[in-house]
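A structural walkthrough
So the chains spell out like this:
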Amino acid sequence: MRGSVTAVAAAALLVPLLGAAPSGVGADSGDRLQSAFTAAAAEYHVPSSVLLGVSYLQSRWDAHSGAPSVSGGYGPMHLTDARAALAGPAAHHSEGTEDPRGDSARPAPPPVAKALKTAAIPARLRTLPRAAELTGLSPERLRSDPAANVAGGAALLAAAQRELGEPLNSDPADWYGAVARFSGADDTSTATAYANDVFEVLRTGQERRTDEGQRVSLAARPGLAPDPAQLRHAGLRRARAAETECPPTVSCEWIPAPYEEFGDGDYGNHDLGDRPADQKIEYIVVHDTEGAWKGVLDMVQDPTYVSWQYTLRSTDGHVAQHVKAKDVAWHAGNWYVNAKSIGLEHEGFLARPDSWYTEAMYRSSARLVAYLAKKHGIPLDRQHILGHDTVPGPTTSTIGGMHTDPGPYWDWRHYFELLGRPLAPTAGAKGGLVTIRPDYATNRPEFTGCTTAGERCADHGSSAVRLYSGPGTSYPLIKDIGLGSTPTKDVNDLSSRVSTGQQFAVAGRDGDWTAIWYLGQKAWFRNPAKTPTAVHAVGDVVTPKDGAQSVPVYGRAYPEASAYPADVPVQAVSPLPYTLPAGQRYVVGGKVPGEYYYAVTFDEGSHRVVRGEDQYYEIQYGHRVAFVRAADVKVVRSGG
């Protein structure tokens, strides 16, 4: 361990690197962060490529203005402080009026989150205090100063290397074990997956401009081959992975949700099924937890609570699976979607724009989703990779209570790049469609209500684009008649906004403004040619059949009444308060059969899938998807 005097002296040299530019130096001193990595690597005898690779996987080299991540990690090195990580509200399934199960045949009150259990703070959530000990720098400086933060990360890597009995040399191949230990993981699988990700970054190289305008680059080393055997002596546990359904490229652990009976014939917290044999899995639903890892795991193991298939951890991308893909979890607030989806909860908070998601979690999630999509034949697009905020209310009465996570700060554009499906143009200007695709970092719409109702949220990059009733911001915001309220800029108000990756039919253009068909009306968004917020696309759209003035829109694709056997209660095919008017067009997500999964008892002997003759099209109707009966519409090619 280095003496505090030496560490403080080194830090004093590092900190000015990101200070104010000296007199006579241009404002674009964009290499100061790169220099900070070089200086910290030299001082702590860590290969600069290793330091850069670890930082990229944590934060993509962003400083986030000193704000903590969703797990309390600060700065480019994501140094963690549990005081921030463990503070927060109850998980979002306990908020509002949404019934996560969403089945009117077995209605249930919203779940109540129980008090979180306290436990010893794990090492992965207290790396910042450890870095303070190693460097002699104050915790405040490690949180707020990027150069000091990088120095703290370098000190932690050097300490891990020494603890493993490895030399402090310049060959990055000899640092596999230290990188794995830096993750803070307590199991071999997670530490290995994390180190593999870092060394993949080293092999491919990276270059980008950070959120503070710093240019940082890492040269590719395609032949780099580290020695994973270093991890054998790290003393880490083996996670229970035998029953998981995960790709080998992520760390996955089986922490089962209970299937138990309790009191008055009630049961929880999911339903048994036989998917995909009896029902095709059509969707993957992305959620955020609105709570920290430990508390969320306690909740999903409570039979009186609700469930989802997977939870992902912020610090290192570790995955816990709770419900098998064959079974139906209670997570989306719409029984039709639950019965045909897999739910992923990501450690995070919707209304905390500065509580950023780590690159490690984004990458782990993308690998898991790509694996599940390939296994179940799910298209990688925004009408099948849903946010909880794009799941429709199944009936009119449920629309106002539907949840809005992961919210406007989830980076869908980057996520789809990691999925291997970048949101690229697929047509010219006459394609007839647009794919929403703003630049996340520079797209900063105003939101309110993150901390106090009506109060402006912190300025932040976003995946959301706001809609107006005319070609200009002086026009009123678009209204959602299903919500029945005056539209606002509140972070949870989805009335008048679209999200990155969603596709809509073009309804008009006026200068820098583009109109789309949205919620049965023409909606406008700013889309200047030099800095576009959408790209051209082409595809199939639906419009009412000839002679129809409008057709109904549904929140669930249930079968007709005649399809139900005598012992299964008929579920209403009830339209939402919206219509698809003649002359309007909406993008098709796919054709699905009318289906209902009857499962209202603990004994699965009575469970069955009711499948009718009616067919539906899933469409991108507003911010949320919806369904129309195939018999009511015709499918045409956009641009025609």
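The structure under discussion appears in the preceding block.
Residues numbered from 1 in each chain as written. Predicted model: local features only at pLDDT ≥ 70, side-chain atom pairs only at ≥ 80, totals over all residues. Heavy atoms only, no water.

1. Structural notes on the overall build of the protein chain
The helix and strand inventory of the protein chain stands at 13 helices and 28 strands. The C-alpha radius of gyration computed for the protein chain amounts to 25 Å, which stays within 12% of the reference 26 Å derived for 640 residues, consistent with globular compactness. In terms of overall dimensions, the protein chain has a C-alpha envelope of 80 × 60 × 45 Å along the principal axes. The proportion of buried residues among the 640 residues of the protein chain is 60%. Taking the intrachain contacts of the protein chain between residues at least 6 apart in sequence as the baseline, contacts between residues at least 24 apart amount to 71%. Roughly 23800 Å² of accessible area belongs to the protein chain as shown, and the carbon and sulfur atoms make up 52% of that amount. Side-chain charges in the protein chain split into 61 positive and 70 negative, and the spacing between the mean points of these groups amounts to 5 Å. (Helix = DSSP H or I, 4+ residues; strand = E, 2+ residues; numbered from the N terminus. Rg over C-alpha atoms; globule rule 2.2 N^0.38 Å. Buried < 20%, exposed > 50% of the residue type's maximum accessible area, 1.4 Å probe, protein only. Contact = heavy atoms within 4.5 Å. Areas by Shrake-Rupley, 256 points an atom, 1.4 Å probe, with all protein chains shown as cover. Lys, Arg positive; Asp, Glu negative; His and termini not counted. Charge placed at Lys NZ, Arg CZ, Asp CG, Glu CD.)

2. Regarding the packing of aromatic side chains
Counted by the stated rule, this structure contains 27 aromatic pairs. Ring centres 5.9 Å apart and planes at 70° place the aromatic pair Tyr267 and Trp330 in the edge-to-face group. Of this pair, Tyr267 sits in strand 7 (residues 266–268) while Trp330 sits in the loop between strand 12 (328–329) and helix 11 (335–339), and the two are 63 residues apart along the sequence. Here Tyr267 matches Trp330 in class, with each residue buried. Judged by centre distance (6.2 Å) and plane angle (65°), the rings of Trp410 and Trp412 are edge-to-face. (Phe/Tyr/Trp six-rings, centres within 6.5 Å; stacked < 30°, edge-to-face > 60°.)

3. What to know about the pattern of salt bridges
In the structure shown here, the tally under the stated rule is 27 salt bridges. A salt bridge links Asp567 to Arg608; its shortest N-O distance comes to 3.0 Å. Of the two residues, Asp567 is situated in the loop between strand 23 (550–554) and strand 24 (575–581) and Arg608 in strand 26 (residues 608–620); the sequence distance between them amounts to 41 residues. Sharing partners across several salt bridges, the network here consists of Arg130, Glu133, Glu163 and Arg181. (Salt bridge = Lys/Arg side-chain N within 4 Å of Asp/Glu carboxyl O.)

4. Focus: the packing of helix 3 (residues 48–59) against helix 9 (residues 188–204)
For any two helices packed against each other, one specifies the inter-axial angle together with the distance between the axes. In the contact formed by helix 3 and helix 9, the axes pass within 9 Å of each other and the chain directions differ by 115°. Relative to helix 9, the element helix 3 lies roughly perpendicular. Note on packing geometry: the crossing formed by helix 3 with helix 9 is right-handed. From helix 3, Ser49, Val50, Gly53, Val54, Tyr56, Leu57 and Gln58 reach across to helix 9, where they touch Tyr194, Asp197, Val198, Val201 and Leu202. (Axes fitted to C-alpha atoms, helices over the stretch in contact; angles between N-to-C directions. Parallel < 35°, antiparallel > 145°, perpendicular 65-115°, else oblique. Left-handed = near helix turned anticlockwise from the far one by under 90°.)

5. Overview of helix 3
Helix length check: helix 3 (12 residues) gives 16 Å between terminal C-alpha atoms against 16 Å at 1.5 Å per residue, within 8%. Counting buried residues in helix 3 gives 11 out of 12 residues, a clear majority hidden from the surface. Listed as buried for helix 3 are Ser49, Val50, Leu51, Leu52, Gly53, Val54, Ser55, Tyr56, Leu57, Gln58 and Ser59. Two residues or fewer past helix 3, Arg60 is found with a positive phi of approximately 55°. (Expected span 1.5 Å × (residues − 1).)

6. Looking at the environment of Arg126
Tracing the chain through its elements places Arg126 in the loop between helix 4 (82–85) and helix 5 (127–135). Under the relative-accessibility criterion, Arg126 is labelled partly exposed at 42%. Residues Arg126 and Asp81, spaced 45 residues apart in sequence, show a C-alpha to C-alpha distance of 4.8 Å. Once you skip the residues sitting within four places of it in the chain, Arg126 turns out to touch Thr80 and Ile121.

7. Focus on the sheet that holds strand 15 (residues 433–436)
Read from one edge to the other, the open sheet built from five strands follows the order 20-19-18-15-21, with strand pairing classed as antiparallel. On the outer flanks of this sheet lie strand 20 (521–526) and strand 21 (534–537), each paired with one strand and no other. With strand direction ignored, the average angle separating the axes of adjacent strands in the sheet is 45°. Sheet analysis places strand 15 next to strand 21, joined by four bridges and oriented antiparallel. Residue pairing in the sheet places Leu433 in a bridge with Ala537 of strand 21. (Pairing = 2+ DSSP bridges.)

8. With respect to the state of the cysteines
Considering all chains together, one arrives at two disulfides under this definition. Cys246 shares a disulfide with Cys252; S-S distance 1.9 Å. Accessibility assignment for this pair places Cys246 and Cys252 in one class, buried. With its sulfur 2.2 Å from that of its partner, Cys450 forms a disulfide with Cys457. Disulfide Cys450 to Cys457: torsion about the S-S bond roughly 100°, handedness right-handed. The exposure class assigned to Cys457 is buried, which follows from its relative accessible area of 8%. (Disulfide = S-S within 2.5 Å.)

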